[in-house]
Amino acid sequence: MTDEPKRVLDDDASQRVLDDDARMRRFVDRFMQAVPHLQALGIGYVRSGPNWAELTMPYAAHLVAYPETGTIASGAIFSLMDSAAGFSVFTTMGRFEPHATLDLRCDYLRPAKPGQAVFGRAECYKMTRKVAFVRGIAHDGDPDHPVAHVTGTFMLTGAS
Amino acid sequence: MSALPPYALMLGIRVGEDAVLVMPFSPHLIGSPGRLHGGAVAGLLELAANLAVRDALAEKSVVLKPVTVTVDYLREGAMVDTFARAHINRLGRRVANVRVEAWQTDAGKPIAAAQLNIILER
């Protein structure tokens, strides 16, 4: 994962960064509220950088796949990671240009802890004219102990 | 067929004829305008794989844990019903390897295909 963008230390500049963050959050929240399936899963924006994005999915009863344990469905984590990866393509391009998932592989490392929100962080590590390459992890509180690891590619459908 | 979990019910999935899973179109499945969210299609594919393995196992106490899931998106998911059917490539003692296809109006034109390894905990 790429480090977060370096922040300038003087007060005015950091204030400006915060304002940018807040503006970005408002903008992305509105964008995401227009995506019905993200609403259905409760997926929300956390933060993003030049080539990465982090989204979150709060624990909810309707995400459960194993009622005996309360463990959420791996399919819901797949949705979270597809969305985070797609967002990392947006932040890398700097605009909301259409793209489509070509393929996505998700390795489920362990079950997410029942009751815990899951965070999905993905980065676009290479962009060509037509294809964006992404990778990322999902975790439930500790990024050093992820629940899933993903790699994938997106086709930039707006490219000629 | 086994009972569907809450996540499957949230997606609106039901078991159709001939072991085909059906995800009727519903507005809450939409991703970008006019298209199904890829994650919803992946959810359908994973469920179809899980149910096929569950049904193929004699011992119902086995716990299924999908460990790798790879989804290829072949066509746009339109705002119509989606179907999925799984094919078990190998059912071993410890692992099942499954291929699943999802289609909409034409079974010969899949919109997505998935390959899964599912760990079987006995």
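This structure is a prediction, so every number in the text was calculated from the model and none was measured.

What follows is about the pattern of salt bridges. Residue and element names in this part refer to chain A. Per the counting criterion, the structure on display carries eleven salt bridges over all chains. Ionic pairing is found between Arg110 and Asp140, a salt bridge with its closest N-O pair at 2.7 Å. In this pair, Arg110 sits in the loop between β5 (99-108) and β6 (118-127) while Asp140 sits in the loop between β7 (131-139) and β8 (148-156), placing the two residues 30 residues apart along the sequence. Owing to a relative accessible area of 28%, Arg110 belongs among the partly exposed residues under this scheme. Sharing partners across several salt bridges, the network here consists of Arg47, Glu54 and Arg121.

This paragraph deals with the interface of chain A and chain B. Contact residues are listed per partner, giving 31 residues for chain A and 28 residues for chain B. Of the roughly 2,200 Å² buried between chain A and chain B, counting both surfaces, carbon and sulfur atoms make up 57%. Summed over the three residues of chain A that lose the most area to chain B, namely His37, Phe78 and Tyr108 of chain A, the buried surface amounts to 24% of that side. Counting every contact that joins chain A to chain B gives zero salt bridges. Remark: the boundary between chain A and chain B carries 16 residue pairs in polar contact (both at pLDDT 80 or more).

The description of an aromatic ring pair rests on the distance of the ring centres and on the angle between the ring planes. All names here are of chain A. Per the counting criterion, the structure on display carries five aromatic pairs over all chains. Considering the side-chain rings of Phe87 and Phe90, the 5.7 Å spacing of their centres and the 85 degrees angle between planes classify their relative orientation as edge-to-face. Pair noted here: Phe87 and Phe90 are both in helix α3 (residues 74-93), with a separation of three residues, about one helical turn. Like Phe90, Phe87 is buried. The residue whose ring lies beneath Arg121 is Trp52, and the NZ or CZ to ring-centre distance is 3.9 Å. Over the face of the ring belonging to Tyr125 we find Arg135, whose NZ or CZ atom lies 4.1 Å from the ring centre.

Let us now look at the nonpolar core. Ranked by size, the top nonpolar core spans 79 residues in total, and within it Met57, Ile77 and Phe78 of chain A together with Leu11, Ile13, Val71 and Ile118 of chain B carry the most contacts. No other element matches α3 of chain A, which puts eleven residues into this core. In contact with Val71 of chain B, not counting residues within four places along its chain, are Phe78, Leu102, Asp103 and Leu104 of chain A together with Ala42, Leu45, Ala112, Ala113 and Ala114 of chain B.

All names here are of chain B. Here the phi dihedral of Asp18 falls at roughly 55 degrees; this positive angle occurs in a residue that is not glycine. Of note, Asp18 is situated in the loop between β1 (14-15) and β2 (21-23). Residue classification places Asp18 among the exposed positions, given a relative accessible area of 63%.

All names here are of chain B. Across three bridges, the pairing between β2 and strand β4 (residues 82-91) is antiparallel. Along β4, the bridge assignment pairs Leu21 with Ala84. Taken together, the eight bridges between β4 and strand β5 (residues 95-103) define a ladder with antiparallel strand orientation. When the bridges of β5 are listed, Phe83 appears paired with Trp103. Between β4 and β5, which pair antiparallel and follow one another directly, the connecting turn spans three residues.

Analysis parameters
- Residues numbered from 1 in each chain as written.
- Chains lettered and ligands numbered in written order.
- Predicted model: local features only at pLDDT ≥ 70, side-chain atom pairs only at ≥ 80, totals over all residues.
- Heavy atoms only, no water.
- Salt bridge = Lys/Arg side-chain N within 4 Å of Asp/Glu carboxyl O.
- Helix = DSSP H or I, 4+ residues; strand = E, 2+ residues; numbered from the N terminus.
- Buried < 20%, exposed > 50% of the residue type's maximum accessible area, 1.4 Å probe, protein only.
- Contact = heavy atoms within 4.5 Å.
- Buried area = accessible area lost by both parts, 1.4 Å probe.
- Polar contact = N/O pair within 3.5 Å; in protein donor to acceptor, adjacent residues only side chain to side chain.
- Phe/Tyr/Trp six-rings, centres within 6.5 Å; stacked < 30°, edge-to-face > 60°.
- Lys NZ or Arg CZ within 6 Å of the ring centre and 35° of its normal.
- Core = buried A, V, L, I, M, F, W, Y, C linked by side-chain atoms within 4.5 Å.
- Pairing = 2+ DSSP bridges.

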